[in-house]
Amino acid sequence: MLASADPYRHMAKARAGQPQHVQLAALLEERAAEAYHQQLREAAITEALRDVTHAVALDVGCGTGPFCRALSSRPQVAKVLGVDPCATFIDEARRLSSNPQKESYVCGRASAVPLGDHGADLVIFWTVLLHLHPDDVNSALQEARRVLRPGGRVLLGDNDMGRWTIADAAHDPLHAPLQFYIDSFVAEPDLARRFPELLCGIGLQPGELEVSSVIDRTATSYGCRHVMLRAIEAFKLADKVGDQLIEAMKHEVQRRLAADNFQITLSYAFCVGSDLNRAAANSEPNPSSDQDDINEVVFGML
Ligand SMILES: C[S@@+](CC[C@H](N)C(=O)[O-])C[C@H]1O[C@@H](n2cnc3c(N)ncnc32)[C@H](O)[C@@H]1O
């Protein structure tokens, strides 16, 4: 396993202002803009905000802020705080903010969120947990529990990488670079399948694990450009096979695209956990939903 292949894994320790961060910021926005990702995000938000009003939401590992912007467009959300260790992402999130009255962005890490105890009604990890070192997942969830208000919710959503496939028949040669990419990118490809268990582990009642998939079929799709072709590139860099086989693999991708039978299946999963004190806490708006309060809490802790 090549843990370092994941560009997000060491973000909390990365130097600020690296050119690669600008490219990753563009990639995150490109993925977020895909129709399938918009639908998935909206479905997860609708589930997480069921019967909620005046919510203060915390998006841990917010990247360039697409989830925060989607949240702030909902009337049930009073404030959204996005936290990410990457300064380039935070700058971009501030620049792209669609509702600066509701959205705030600060640099920070999942293990030490700049928010006081019980400051959030909803805590989100959207395609973040899979990128943390496995030893850091529990501390991130404990930190979410610390900032969660009684009766609040935690939303976990991620790539369900164990189900990603390019194979259109047994022993499909293109599956080898895809499998290599998955194994070198993340430590636990099936982590999302454990979301209900992880939510139970911090004392929350998990809802259904919602699993869905998209089949990307075009040359411009995220699955083709940023998964399959990247996987072949990673295979090449790792010297797994010779140049001729790498060229043959790229050619095979192009052949399938031209024949209109390229298909890569990408699976995703999310789950919402609720604190069982919800009924008791539901009627009172979170005092942190006042902008001055949230600024004070956030900046007071930096
Ligand atoms: C795949 S990106 C997802 C970004 C965003 N949630 C989205 O859906 O577009 C993973 C994010 O996790 C962040 N990240 C990495 N290590 C982190 C840590 N220790 N604490 C919080 N966020 C972290 C990265 O900087 C990156 O923005």
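Structure's up top.
Residues numbered from 1 in each chain as written. Predicted model: local features only at pLDDT ≥ 70, side-chain atom pairs only at ≥ 80, totals over all residues.

1. A few points about the pairing of strand 5 (residues 148-159)
Among the twelve residues in strand 5, eleven count as buried, and that is most of the element. Taken together, strand 4 (residues 120-126), helix 5 (residues 134-147) and strand 5 form a β-α-β motif whose crossover is right-handed. Pairing geometry for strand 5 and strand 8 (residues 264-274), over seven bridges, is antiparallel. Across the sheet, residue leucine 156 finds its bridge partner in strand 8, namely cysteine 271. (Buried ≥ 20, exposed ≤ 12 C-beta atoms within 10 Å, placed from the backbone. Helix = DSSP H or I, 4+ residues; strand = E, 2+ residues; numbered from the N terminus. Right-handed = clockwise from strand over helix to strand, strands pointing away. Pairing = 2+ DSSP bridges.)

2. Looking at unusual backbone geometry
Not every positive phi belongs to a glycine, and histidine 118 is a case in point at roughly 60 degrees. Inspection of the secondary structure puts histidine 118 in the loop between strand 3 (103-107) and strand 4.

3. Things to note about the packing of helix 8 (residues 222-237) against helix 9 (residues 243-258)
Interaxial distance between helix 8 and helix 9 falls to 10 Å at its minimum, and their mutual angle equals 175 degrees. In terms of orientation, helix 8 lies roughly antiparallel with respect to helix 9. Contact residues: helix 8 offers Met228, Leu229, Ile232, Phe235 and Lys236, while helix 9 offers Ile246, Met249, Lys250 and Val253. Tallied by class, the residues present in the contact of helix 8 with helix 9 amount to seven nonpolar, no polar and two charged. (Axes fitted to C-alpha atoms, helices over the stretch in contact; angles between N-to-C directions. Parallel < 35°, antiparallel > 145°, perpendicular 65-115°, else oblique. Contact = placed C-beta atoms within 7 Å. Nonpolar A, V, L, I, M, F, W, Y, C, P; charged D, E, K, R; others polar.)

4. A look at the site of the ligand
Surveying the vicinity of the ligand reveals 22 residues, the closest of which are Met11, Ala12, Gly61, Gly63 and Ala110. Contributing elements (two or more residues each) for the shell around the ligand: helix 1 (19-33) and helix 3 (66-72). Of the residues belonging to the shell around the ligand, the class tally is 16 nonpolar, four polar and two charged. (Near = placed C-beta within 6 Å.)

5. Concerning the environment of serine 212
Along the chain, serine 212 turns up in strand 7 (residues 210-216). Along the chain, serine 212 and aspartate 160 lie 52 residues apart, while their C-alpha atoms are 9.0 Å from each other. Sequence-distant contacts of serine 212, defined by excluding residues within four places in its chain, comprise Leu40 and Tyr268.

6. Focus on helix 4 (residues 87-96)
Here helix 4 has its buried residues at Thr88, Phe89, Ile90, Glu92 and Ala93. Contacts from the buried residues of helix 4 go to helix 1, helix 3, strand 2 (77-84) and strand 3.

7. Side note on the pairing of strand 4
Burial within strand 4 is extensive, with seven of its seven residues counted as buried. Relative to strand 4, strand 1 (residues 55-60) is paired through four bridges, and the arrangement is parallel. Across the sheet, the residue bridging to valine 60 is phenylalanine 125, located in strand 4. As paired strands, strand 4 and strand 5 are joined by six bridges and run parallel to one another. Of the residues in strand 5, the one forming a bridge with tryptophan 126 is glycine 157.

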